[in-house]
Amino acid sequence: MSYPPRRAKPELALITGAAGGVGSATARRLAEGGAKLVVTDINEERLAKVASDTGALAVPADGSDREAIHALVARAVEELGGLDTVIATQGAAIGGGANPKHVDSYHRALDVNLHGCFYLAGEVLPHLAASEGSLVLFASTAGLIAGPPGAAGYTAAKAAIIGLTRWLARDYGPKGVRVNAVCPGFVRTALAEGSMAHLAEREGISLEEAYALSAAHVPLRRVAEPEEIAACCAFLASGDASMVTGHVLVADGGGAAVDASTVAFDG
Ligand SMILES: NC(=O)c1ccc[n+]([C@@H]2O[C@H](COP(=O)([O-])OP(=O)(O)OC[C@H]3O[C@@H](n4cnc5c(N)ncnc54)[C@H](O)[C@@H]3O)[C@@H](O)[C@H]2O)c1
């Protein structure tokens, strides 16, 4: 990317997983900044609502299907007349351990959380090179340190997203494209709520108490709101981040900075 950057903020953006908590907050944030948007998700009904709230074009698609992603990107480029920002929030906490019975769910976790991003990157990068644009992928603290119990595939996929981000940044930097990843800890969305519901049931506590329990040793003592993660995306996709590429922005209230063996010393 040249300096000064070609644009201060996203103008022509594609957001995946846009029916979800983080994706919809990101769509609202970019729309407020004046971006023209195409939004996609497998959940047509919730996607339609996000599109009508933000003025975006909704293109529902299965983001783990290579052909569907090819058609999606072609439609987005036709609609917007190009692409300068792609934010790939699509993800799903597909459970399963290291167990022969969980091989199918392991593969599905990789398809949704990793392979879909790889297919997407291959389709959008030539357009981002033409605009000196930026790609933001979604990892998780599960990709930095071990994810929760029963999350073998999710953890492996999110760790691989970090590797893919750095590799794409290296490969596409000379073409003027920046590629970064956001690494949230728990965010108050449907995805986190699945884990919290499980914890609440096991401990016989409310959902709110489960959120508080999960954050008990996180330095900021709370989970993130989707808008806080959308703000990270907006920064990474903006001209303010013109020298930032291959970066993994950890937005977890400090959770991954804590050595688990020291939590017993917390006051
Ligand atoms: N919420 C958290 O606690 C948390 C923590 C760390 C990382 N993340 C990551 O943040 C990103 C956003 O998650 P979120 O919290 O907004 O969850 P969410 O469940 O609210 O949103 C995820 C969206 O992805 C969509 N999706 C799933 N499979 C799809 C497919 N095959 N094709 C198209 N769309 C599909 C879902 O329909 C959903 O709308 C994800 O990549 C997630 O892994 C979330």
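What counts, and where the lines are drawn
Residues numbered from 1 in each chain as written. Predicted model: local features only at pLDDT ≥ 70, side-chain atom pairs only at ≥ 80, totals over all residues. Heavy atoms only, no water. UniProt positions renumbered as here; feature names shortened; annotations may be inferred. Helix = DSSP H or I, 4+ residues; strand = E, 2+ residues; numbered from the N terminus. Core = buried A, V, L, I, M, F, W, Y, C linked by side-chain atoms within 4.5 Å. Buried < 20%, exposed > 50% of the residue type's maximum accessible area, 1.4 Å probe, protein only. Contact = heavy atoms within 4.5 Å. Patch = residues over 30% accessible without salt bridge, like charges linked within 9 Å, V, L, I, M, F, W, Y side chains within 5 Å. Areas by Shrake-Rupley, 256 points an atom, 1.4 Å probe, with all protein chains shown as cover. Salt bridge = Lys/Arg side-chain N within 4 Å of Asp/Glu carboxyl O. Domains from an automatic or database assignment. Buried area = accessible area lost by both parts, 1.4 Å probe. Pairing = 2+ DSSP bridges. Axes fitted to C-alpha atoms, helices over the stretch in contact; angles between N-to-C directions. Parallel < 35°, antiparallel > 145°, perpendicular 65-115°, else oblique. Nonpolar A, V, L, I, M, F, W, Y, C, P; charged D, E, K, R; others polar.

If you check UniProt for "domain: Ketoreductase" (unreviewed entry), the listed places come out as residues 11-185 in our numbering. Secondary structure content for residues 11-185 is 50% helix and 16% strand, and the end C-alpha separation is 28 Å.

If you look at the biggest cluster of nonpolar residues, it comprises 36 residues, and the most contacted ones within it are Leu14, Val124, Leu125 and Leu135. Breaking this core down by element, the ones donating at least two residues are β1 (12-16), α3 (66-80), β4 (85-88), α4 (103-131), β5 (134-138), α5 (152-172) and β6 (178-184). Once you skip the residues sitting within four places of it in the chain, leucine 14 turns out to touch Val38, Thr40, Leu72, Val73, Ala76, Leu83, Thr85, Val86, Ile87, Leu120 and Val124.

Once that is clear, we can look at a nonpolar patch on the surface. Taken together, Leu144, Ile145 and Val250 make up a surface patch of nonpolar side chains, about 230 Å² in accessible area. Judged by its relative accessible area of 45%, isoleucine 145 falls in the partly exposed class.

The assigned domain composition of the chain is domain 1 (12-187 + 225-253) and domain 2 (188-223). When each unit is reduced to the centre of its C-alpha atoms, the spacing between domain 1 and domain 2 is 24 Å. With 13 residues of domain 1 in contact, the opposing surface of domain 2 contributes 12 residues. Summing both partners gives a buried area of about 990 Å² for domain 1 against domain 2, and 58% of it is carried by carbon and sulfur. Considering only the side of domain 1, the residues that lose the most area to domain 2 are Phe186, Val187 and Gly253, jointly responsible for 54% of the buried surface there.

A few words on the sheet that holds strand β3 (residues 57-58). Spatial ordering of the open sheet is given by β3-β2-β1-β4-β5-β6-β7, a layout of seven strands whose pairing is parallel. Of all the strands in the sheet, the pair left with one neighbour each is β3 and β7 (248-251). Note that β1 and β4 share four bridges and pair parallel. Residue pairing for β4: isoleucine 15 is matched across the bridge by isoleucine 87. This element, helix α1 (residues 21-32), spans β1, β2 (36-40), β4 and β5 of the sheet and lies at about 170° to β1. Sheet strands touched by α3: β1, β2 and β3. Its angle to β2, the strand with the most contacts, is close to 160°.

This part covers the packing of helix α6 (residues 190-203) against helix α7 (residues 207-214). Look at α6 against α7: their axes get within 8 Å of each other, and the N-to-C directions meet at 100°. Comparing the axis directions of α6 and α7 gives the class roughly perpendicular. Residues Ala192, Glu193, Met196, Ala197, Leu199, Ala200 and Glu203 of α6 pack against Leu207, Ala210, Tyr211, Leu213 and Ser214 of α7. Among the residues making up the contact of α6 with α7, the classes are represented as nine nonpolar, one polar and two charged.

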